[in-house]
Each structure stands twice: as structure tokens, then as C-alpha cells.
Amino acid sequence: MKSLKVLALVAIVSVFGINNILAQKGSCNKGERQGQMKGKFFAELTDTQKEEIKALHVKFTKENMPIKDEITVLEAQLNKASKGDEVNTKEVNKLIDQISELKAGMMKKRFANKQEVRNLLTDEQKVMFDAHSGKMQGGKKGKGKPGQGQRGPRADRGGEHPGKLS
């Protein structure tokens, strides 16, 4: 009777294990599909286009790094200023306005950069670019920071998980 229970337990575990493996076999996550699409799009670019787009990306990143850093500092100040028993509403509103202004400026620069990239493309490439614009950001569109509703990279897929200690 004991061996029958053990055999039943092994069978149940095996069924769930096989089901889990089969469910994962053909699946790929959204980021992987977007990466494949991004790779396909860039494969169709000429070497000159690739170099010019890369140069625009480097320029855009260099211009926005200090702005992102400033936003991070202001958000930390906002976090500090908005807590406690005696909150200075005027100061909080001032920080919110500063952050909003910087983010709006970055959005305008992002749009201008996108237009510069688009101007380098053929009509056929523009159709692909417009159809997939926003999806080709490596899945970053709409993602918050890990710990704010987003889980971050998964350790079982080769990424470092923010909460995992080595």
C-alpha cells in the first residue's frame, strides 16, 4: 500500500513537471519577440544607415544622460520633501514642475531623434519603422523601475535579479 502511494505521488509530480516543460518549450517572452523584430529591421539597413543611426543614438544618449541624472536627484528630493508631518506643499509643487519640465524636454528630444532616424530611411523602411516604432525599444516602453510593479530581469534567464544576493 505504501509503494502504491509513492508511485501515485511520483506519477502526479511527473505529470505536472512534463506539463510545465511542454508549456514553456514553444513560448518566448515579449522581449525576445521584440528583439527578433528589431534584429530583422536592422538587418535590412545599409551599413551607412547603421553607422548614422548609431551616431544619432550616441549623441542622443550623451545629451540625455545629465538630464536623467538631474531627474533622479529631483525625484529623490521630491520623495524626501513629500514625507513627514510638516510637508512644504510649495516646495513639492516646485519639484514636480521641474521634473515635468525636464521630462517634457526629453520627450521632445526623443521625438526629434526619431524623426532624424526616420529621415535616413527609404520609404519601405519608413513603413516598417512607423509600424513598429515604440515596440523596438527592447520592451522598455511603459516599464517602470524594478520594485515599482516591474520584476526586473529573471535570474533563470541569465539576468541578474535585483533582489538576488550573490
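Residues numbered from 1 in each chain as written. Predicted model: local features only at pLDDT ≥ 70, side-chain atom pairs only at ≥ 80, totals over all residues. Heavy atoms only, no water.

Chemist: Mind showing me how you'd approach the overall build of the chain here?
Modeler: Per the secondary structure count, the chain includes five helices and zero strands. Each helix and strand of the chain, ordered N terminal to C terminal, gives the series α-α-α-α-α. Relative to all contacts within the chain whose residues are 6 or more apart in sequence, the contacts with residues 24 or more apart total 57%. (Helix = DSSP H or I, 4+ residues; strand = E, 2+ residues; numbered from the N terminus. Contact = heavy atoms within 4.5 Å.)

Chemist: What is the right way to look at the packing of helix α4 (residues 89–119) against helix α5 (residues 123–132) in this model?
Modeler: Helix packing for two helices is described by the angle between their axes and how far apart those axes are. Contact pair α4 / α5: the axes reach a minimum separation of 10 Å and the direction vectors enclose 150 degrees. One element, α4, and the other, α5, form an angle in the roughly antiparallel class. Along its contact with α4, which presents K114, V117 and R118, the element α5 presents K126, F129 and D130. Residues belonging to the contact of α4 with α5 are distributed by class as follows: two nonpolar, no polar and four charged. (Axes fitted to C-alpha atoms, helices over the stretch in contact; angles between N-to-C directions. Parallel < 35°, antiparallel > 145°, perpendicular 65-115°, else oblique. Nonpolar A, V, L, I, M, F, W, Y, C, P; charged D, E, K, R; others polar.)

Chemist: Which parts of the structure should I look at to understand the nonpolar core?
Modeler: The biggest cluster of nonpolar side chains holds nine residues, and these are I67, I71, L74, L78, V92, L95, I99, L102 and M106. Among the secondary structure elements, those contributing two or more residues to this core are α3 (47–81) and α4. Per-element accounting of this core gives the leading share, five residues, to α4. The residues touching L95, leaving out its near neighbours within four places in the chain, are L74, Q77, L78 and A81. Core analysis: the next-biggest nonpolar cluster, separate from the first, contains seven residues, F41, L45, L56 and F129 among them. (Core = buried A, V, L, I, M, F, W, Y, C linked by side-chain atoms within 4.5 Å. Buried < 20%, exposed > 50% of the residue type's maximum accessible area, 1.4 Å probe, protein only.)

Chemist: Would you explain the side chain of N64 in this entry?
Modeler: You can see N64 is positioned in helix α3. N64 sits in the buried class, given a relative accessible area of 2%. Setting aside its immediate chain neighbours within four residues, N64 contacts M106 and K109.

Chemist: Can you walk me through α4 in this structure?
Modeler: The α-helix winds at 3.6 residues per turn, so residues separated by three or four positions along the chain end up facing the same way. Between its first and last C-alpha, α4 extends 45 Å over 31 residues, near the 45 Å set by a 1.5 Å rise per residue. Those residues of α4 that sit buried are V92, L95, I99, L102, M106, N113 and V117. At its buried positions, α4 is contacted by α3 and α5. The distance from a side-chain oxygen at the start of α4 to the backbone nitrogen of K90 is 3.2 Å, and the residue carrying that oxygen is N88. (Expected span 1.5 Å × (residues − 1). Polar contact = N/O pair within 3.5 Å; in protein donor to acceptor, adjacent residues only side chain to side chain.)

Chemist: Would you mind going over the environment of E91 with me for this structure?
Modeler: Its location among the elements puts E91 in helix α4. Separated by 13 residues in sequence, E91 and L78 place their C-alpha atoms 8.4 Å apart.

Chemist: Any chance you could explain the pattern of salt bridges here in plain terms?
Modeler: Where side chains of opposite charge bring their charged atoms close, a pairing between them can arise. Tallied over the full model, the rule gives two salt bridges. A salt bridge links E75 to K103, with the nearest nitrogen and oxygen atoms 3.2 Å apart. Pair noted here: E75 is in helix α3 and K103 is in helix α4, with a separation of 28 residues, a long-range link. Under the relative-accessibility criterion, E75 is labelled partly exposed at 25%. Across the pair R118 and D130 runs a salt bridge, and its minimum N-O distance is 2.7 Å. Of this pair, R118 sits in helix α4 while D130 sits in helix α5, and the two are twelve residues apart along the sequence. Look at D130 and you get partly exposed, because its relative accessible area is 37%. (Salt bridge = Lys/Arg side-chain N within 4 Å of Asp/Glu carboxyl O.)

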